[in-house]
Amino acid sequence: MKRRLIAALAVCAGLIGGAAILLTSRPVVSPQAIETSVIRTPDLMERAWRLPVAASFGSSVTFQSNASRCGPASIANVFRSLGEEETTEAKVLEDTGKCWTGFCIIGLTLDELAEIARTHTGRKVSVLRDLTPEQFHEHMRHANEPDRRYVVNFSREPIFGGGAGHHSPIGGYMEAGDLVFVLDVNENYRPWLIKRDRLFEAMNTRDGDRTRGLLLIE
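It should be emphasised that the depicted structure is a prediction, and the values quoted were computed from it without experimental measurement.

A. Local environment of the sheet that holds strand β2 (residues 149–155). Overall, antiparallel pairing links the six strands, which are arranged β1-β8-β2-β3-β4-β5 in an open sheet. Each edge of the open sheet is held by one strand with a lone partner, namely β1 (125–129) and β5 (192–195). In this sheet, neighbouring strand axes are inclined to one another by 35° on average, regardless of whether the strands run parallel or antiparallel. The pairing of β2 with strand β3 (residues 165–174) spans six bridges and is antiparallel. The partner of F154 across the bridge, within β3, is H166.

Written out as structure tokens, the structure reads:
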């Protein structure tokens with residue numbers, strides 16, 4: 001029994017250590033690159049936070065606890081905005097068997113994130129991938145509807161010139177300027193606005209053998 005316990009602890013320590021190495025080895029995007037890659041004009045940001053869905057987040061997001069947990073943090077924020085009970089990463093991950101070391105070691109796919117969301121809500125959860133630009137535009141036109149929440153899975157590289165895959169909620173769409181409001185759950189990035197076609201380009205990338213996409217909770 002003692003040997004098994006020691007072996008289990010060694011495996012756990014190895015997984016945590018491996019996660020730490022993986023996370024610290026990810027390419028770092030400078031603050032200057034972040035600021036020049038997206039839109040944060042004060043008046044536009046103020047208008048964005050007044051959009052119906054963005055306002056339901058209380059004009060703020062709870063940032064992810066570590067670099068690997070953007071997915072659970074996104075779901076926790078979305079659930080908070082919808083009045084669901086599970087509004088922390090820990091509660092969202094409870095009973096899912098995911099990220100049990102404290103890290104989502106190689107990150108979560110869109111399908112895995114959908115499984116996590118379904119565990120704690122009776123709402124309909126849909127994975128939307130392989131979208132055309134026109135289909136993506138149509139979904140963004142629905143992004144301000146109070147009974148819908150979108151989480152976008154995208155690669156940071158096309159937008160910021162570096163960085164890895166990421167999940168974050170969408171706070172709404174400003175059609176007049178064709179701008180999507182991304183409620184980035186990474187504290188280094190914080191929420192930002194971006195032209196719809198640029199976000200589509202970042203979303204329309206590969207995560208393993210599948211294309212990234214949107215999670216729709218309604």
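Still more to cover.
B. Spatial organisation of helix α3 (residues 42–49). When we look at burial in α3, the residues that qualify are L44, M45, A48 and W49. Seen from one end, α3 has its buried residues packed into an arc of 135°, which puts them on one side. The outward face of α3, more than 90 degrees from its buried face, is lined by the exposed residues P42 and E46. Buried residues in α3 make contact with α4 (52–56), β3, β4 (179–182) and β5.

C. Representation of the pairing of β1 in the model. β1 sits mainly inside the fold: four of its five residues count as buried. As paired elements, β1 and strand β8 (residues 213–217) share five bridges and run antiparallel to each other. Counted as the bridge partner of V127 is L215 from β8.

D. View of helix α8 (residues 133–141). Among the residues of α8, those classed as buried are F136, H137, H139 and M140. For α8, the angular spread of buried residues about the axis comes to 160°, placing them on one side.

E. Expanded view of the nonpolar core. Core analysis: the largest hydrophobic core is formed by 33 residues, its most contacted members being I75, F181, L193, L215 and I217. Non-local contacts of F181, meaning those with residues more than four positions away in its chain, are made with M45, A48, W49, A54, P169, I170, G171, G172, P191, W192 and L193. Listed in part, the 27 residues of the second largest apolar core include V38, F136, Y150 and F154.

F. Geometry of the state of the cysteines. The tally for this structure, following the rule as stated, stands at one disulfide. In this model, C99 is linked to C104 through a disulfide, with the two sulfur atoms separated by 2.1 Å. Sign of the S-S torsion, about 105° for the bond between C99 and C104, identifies this disulfide as right-handed. Residue class for C99 comes out buried when judged on its relative accessible area of 12%.

Rules used in this analysis
- Here the residue index of a chain counts from 1 through its sequence in written order.
- Totals for whole chains, interfaces and linings use every residue, but because this is a predicted model, local features are given only for residues with pLDDT of at least 70 and side-chain atom pairs only at 80 or more, for both listing and counting.
- Working from all heavy atoms in the structure, the side-chain values ignore hydrogens and water.
- Pairing between two strands is assigned when DSSP locates at least 2 bridges connecting them.
- By the criteria applied, helices consist of DSSP H or I runs no shorter than four residues and strands consist of E runs no shorter than two, each listed in order from the N terminus.
- Orientation is described by lines fitted to C-alpha atoms, with helices fitted over the stretch in contact, and by angles between N-to-C directions that extend from 0 to 180 degrees.
- For the exposure calls, accessible area comes from a 1.4 Å probe over protein chains only, and a residue counts as buried if that area is under 20% of its type's maximum, exposed if over 50%, partly exposed in between.
- The directions from the helix axis to the C-beta atoms are what the arc is built from.
- Contacts: residue pairs with any heavy atoms within 4.5 Å of one another.
- Only buried residues count toward a nonpolar core. Its members are Ala, Val, Leu, Ile, Met, Phe, Trp, Tyr and Cys residues joined through side-chain atoms within 4.5 Å.
- Note on terminology: disulfide denotes any pair of cysteine sulfur atoms within 2.5 Å.

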